[in-house]
Amino acid sequence: MDKFVITGGKRLEGTVAVSGAKNAALPAMAAALLTDQRVALHNIPRVRDIATMGRLLTHIQADVEIPEAAEGAVRIRTEKISHAEAPYELVRTMRASVLVLGPLVARTGYARVSLPGGCAIGARPVDLHIKALELMGAKIETEHGYIEARAPAEGGLRGAHIVFEKITVTGTENVLMAATLANGETLLENCAREPEVADLAALLVKMGARIEGAGTATIRVEGVGRLGGAEHRVIPDRIETGTLLAAVAITGGKVRITRAEAAHVAAVISKLSETGAAIDTFEPGTLCVEGSGQAAPADVTTQEYPGFPTDMQAQYMALATQADGTSVITETIFENRFLHASEMTRMGADIAIEGRRAVVRGPSRLTGTAVMASDLRASAGLVLAALVARGETVVDRVYHIDRGYERIEEKLSKLGARIRRVS
Ligand code: UD1
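Owing to the predicted nature of the structure, the values given are computational and were not obtained by experimental measurement. (Residues numbered from 1 in each chain as written. Predicted model: local features only at pLDDT ≥ 70, side-chain atom pairs only at ≥ 80, totals over all residues. Heavy atoms only, no water.)

**Student:** Could you give an account of the overall build of the protein chain, with specific residues and numbers?
**Tutor:** The secondary structure content of the protein chain amounts to 14 helices and 24 strands. For a compact globule of 423 residues, the expected C-alpha radius of gyration is about 22 Å, and the protein chain comes in at 21 Å, within 12% of that figure. Along the three orthogonal principal directions, the C-alpha set of the protein chain runs to about 65 × 45 × 40 Å. Split into buried and exposed, the 423 residues of the protein chain put 57% on the buried side. Only carbon and sulfur atoms are counted for the fraction: they give 47% of the accessible area of the protein chain, which is about 16400 Å². (Helix = DSSP H or I, 4+ residues; strand = E, 2+ residues; numbered from the N terminus. Rg over C-alpha atoms; globule rule 2.2 N^0.38 Å. Buried < 20%, exposed > 50% of the residue type's maximum accessible area, 1.4 Å probe, protein only. Areas by Shrake-Rupley, 256 points an atom, 1.4 Å probe, with all protein chains shown as cover.)

**Student:** Any chance you could break down the site of the ligand for me, citing the residues and the numbers?
**Tutor:** In the neighbourhood of the ligand, 19 residues make up the surrounding shell, with Asp127, Thr168, Thr170, Asp311 and Ile333 lying closest. A distance of 2.7 Å is found between a nitrogen atom of the ligand and a side-chain nitrogen or oxygen belonging to aspartate 127. For the ligand, an oxygen atom lies 2.6 Å from a polar atom in the backbone of isoleucine 333. Burial of the ligand by the surrounding chains reaches 89%, relative to a free accessible area of 740 Å². Contributions of two or more residues to the shell around the ligand are made by helix H5 (127-135) and helix H6 (169-180). Per element, the largest residue contribution to the shell around the ligand is three residues, and it comes from H5. Tallied by class, residues from the shell around the ligand come to eight nonpolar, five polar and six charged. (Near = heavy atom within 4 Å. Polar contact = N/O pair within 3.5 Å; in protein donor to acceptor, adjacent residues only side chain to side chain. Nonpolar A, V, L, I, M, F, W, Y, C, P; charged D, E, K, R; others polar.)

**Student:** Just give me the short version of the packing of aromatic side chains, but keep the residues and values in it.
**Tutor:** In total, this model carries one aromatic pair according to the counting rule given. Over the face of the ring belonging to tyrosine 146 we find arginine 112, whose NZ or CZ atom lies 3.8 Å from the ring centre. (Phe/Tyr/Trp six-rings, centres within 6.5 Å; stacked < 30°, edge-to-face > 60°. Lys NZ or Arg CZ within 6 Å of the ring centre and 35° of its normal.)

**Student:** Outline the packing of helix H1 (residues 22-31) against helix H7 (residues 195-206), supporting the account with residue identities and numerical values.
**Tutor:** Two numbers describe how H1 lies on H7: the axes approach to 9 Å, and their chain directions differ by 30 degrees. One element, H1, and the other, H7, form an angle in the roughly parallel class. Once H1 is placed against H7, the crossing between them reads as right-handed. Residues Asn23, Ala24, Pro27, Ala28 and Ala31 of H1 form the contact with H7, whose own contacting residues are Glu196, Asp199, Leu200, Leu203 and Leu204. Residue classes in the contact of H1 with H7 are distributed as seven nonpolar, one polar and two charged. (Axes fitted to C-alpha atoms, helices over the stretch in contact; angles between N-to-C directions. Parallel < 35°, antiparallel > 145°, perpendicular 65-115°, else oblique. Left-handed = near helix turned anticlockwise from the far one by under 90°. Contact = heavy atoms within 4.5 Å.)

**Student:** How would you summarise the side chain of serine 379 if you had to cite specific residues and measurements?
**Tutor:** Among the structural elements, serine 379 can be located in helix H12 (residues 376-388). Here serine 379 falls in the buried class, since its relative accessible area comes to 1%. Polar side-chain contacts of serine 379 include one of 2.4 Å to the backbone oxygen of aspartate 375. Apart from the residues within four sequence positions on either side, serine 379 is in contact with Ala373, His400 and Ile401.

**Student:** Which residues make up the sheet that holds strand E22 (residues 370-372), and what values do they have?
**Tutor:** The mixed open sheet is built from four strands, whose spatial order is E22-E23-E1-E24. Whereas interior strands pair on both sides, the edge strands pair on one side only; in this sheet they are E22 and strand E24 (418-422). Each strand axis lies, on average, 20 degrees off the axis of its neighbour in the sheet, ignoring direction. Taken together, the three bridges between E22 and strand E23 (residues 392-396) define a ladder with parallel strand orientation. Residue pairing in the sheet places methionine 372 in a bridge with aspartate 396 of E23. H12 contacts strand E1 (3-7), E22, E23 and E24 of the sheet and is inclined by roughly 30 degrees relative to E1. (Pairing = 2+ DSSP bridges.)

**Student:** Report on the pairing of strand E17 (residues 287-290), specifying residues and quantitative values.
**Tutor:** The side-chain alternation of E17 yields one buried face, formed by Leu287 and Val289, and one unburied face, formed by Cys288 and Glu290. Across four bridges, the pairing between strand E15 (residues 253-258) and E17 is antiparallel. For valine 255, the partnering residue across the bridge sits in E17 and is valine 289. Where strand E16 (residues 278-280) meets E17, three bridges bridge the pair, whose relative direction is antiparallel. Considered in E17, the bridge of alanine 278 is made with glutamate 290. Hairpin remark: E16 followed by E17, antiparallel, with six residues in the connecting loop; positive phi at glycine 285, about 80 degrees.

**Student:** Summarise the sheet that holds strand E13 (residues 219-222); cite the residues concerned and give the values.
**Tutor:** Pairing between sheet strands relies on hydrogen bonds along the backbone, with the strands arranged either parallel or antiparallel. The four strands lie next to each other as E10-E11-E13-E12, forming an open sheet whose pairing is mixed. Each edge of the sheet is formed by a strand with only one pairing partner; in this case those strands are strand E10 (161-163) and strand E12 (210-212). This sheet shows a mean twist of 15 degrees between the axes of neighbouring strands, independent of strand direction. With three bridges connecting them, E12 and E13 associate as antiparallel partners.

**Student:** Residues and numbers for the packing of helix H8 (residues 238-251) against helix H10 (residues 313-320), please.
**Tutor:** Contact pair H8 / H10: the axes reach a minimum separation of 10 Å and the direction vectors enclose 5 degrees. Viewed along their axes, H8 and H10 adopt a mutual orientation that is roughly parallel. Residues Ile239, Thr243, Ala246, Ala249 and Ile250 of H8 form the contact with H10, whose participating residues are Gln315, Ala318 and Leu319. Per-class residue counts for the contact of H8 with H10 are six nonpolar, two polar and no charged.

**Student:** Describe in detail the pairing of strand E20 (residues 350-354), supporting the description with residues and values.
**Tutor:** By the bridge criterion, five bridges tie E20 to strand E21 (residues 357-362) in an arrangement that is antiparallel. From the neighbouring strand, alanine 352 faces E21, where its bridge partner is valine 359.

**Student:** Explain the nonpolar core to me, using residue names and the numbers behind them.
**Tutor:** In this structure, Met53, Val100, Met136 and Leu204 are the most contacted members of the largest nonpolar core, which totals 79 residues. For leucine 204, the residues in contact, after removing those within four places along its chain, are Ala31, Leu34, Leu176, Met177, Thr180, Ala209, Ile211 and Leu227. With 65 residues, the next largest nonpolar core counts Ile6, Ala298, Ala323 and Leu415 among its residues. (Core = buried A, V, L, I, M, F, W, Y, C linked by side-chain atoms within 4.5 Å.)

That's the geometry; what it means functionally is another story.
As structure tokens, then:
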């Protein structure tokens, strides 16, 4: 199992490019199941979750090409689907596998997808995906740990009026994909407004779908008989962008972040600015960030987009340990998403967890030790803490970080960080 060995104390300087968004790439790949034509996707990050989605689509009998070089387009063609199933082995390692549910029932009338089960950061059910598909006429049974969905034999899925009880990103994406091939109009309310949803809709529209309102809370879809092939470039990864911004804010230094989309990280920019980082978004696609010598404390509450992302909470906590005063971090999206706090405490941080709130008192003098990554974003938080810790930190189980960050250690070391991977 790979580890990162990090020696803290270096300011970051230089230029770094952001990769494509993993969370936009995954639904885009699933969308390729909706057509028998070829879908070519650009800017797909070469991370482990993408390889997992590739394996899943291959299992479904799609022809998937993922060239090693990130510049190469990922090409997917699903002429026939003879195996509409997402097996437990794959869903277990990547919850987003559930994204094939909507496209499979819509295209073939049948899908069998393993229930995701427990997850380090909370229960994370898929009940809202299921309820919405039921409203579209699907008969759904959950047995033996699998969701089995069947569209009506006559006419397939039909348009429906769906109001999500709770905002769900992959739920919105799943149902949006299913609605493109349903009979009639689907009206979706209380949708996730994440840029990844809008990006998926942009791809679907290129494939021939009729969608209005994606990126807002209300999406209207007029079902069509069939979808065709398309070519699409996915948006930059806003969480990677935010992670790099926080890395500079925590270490001091000055970095240009290119191939980014500033509008997608507005809440992060605003919070980091409050802590004293100077962030300039003058040049389109580029963010220039300069860390202050001493961060100021600032409270933060995670929210759905356009609020402060839960996927940036661990990285922000690392920064809060260095702020001069108390920062209260409130997590509203996932229960049990403070697993990184105990590891940061072992490094010398002063963090008290009270239910959904973490009270972080800084500045703490962090010291390097062996820490364990528990999930994707928690690992990023630990890497950031290690960048300012005195001495050497060994971050174990970096396969979590490899799920979603493309060559993060190369990017950070090019900026001057002392970080290396050991196998
Ligand atoms: C997506 C992101 C993930 C991010 C999360 C929240 C992808 C691949 N992953 O995950 O990185 O952390 O959004 O921004 O895009 N819920 C239910 N029932 C459901 C679905 C969700 O109760 O059927 C709850 C969840 O437990 C959670 C909340 O709704 O408390 C939000 O979850 P959701 O937006 O669905 O997260 P994901 O789409 O899984």
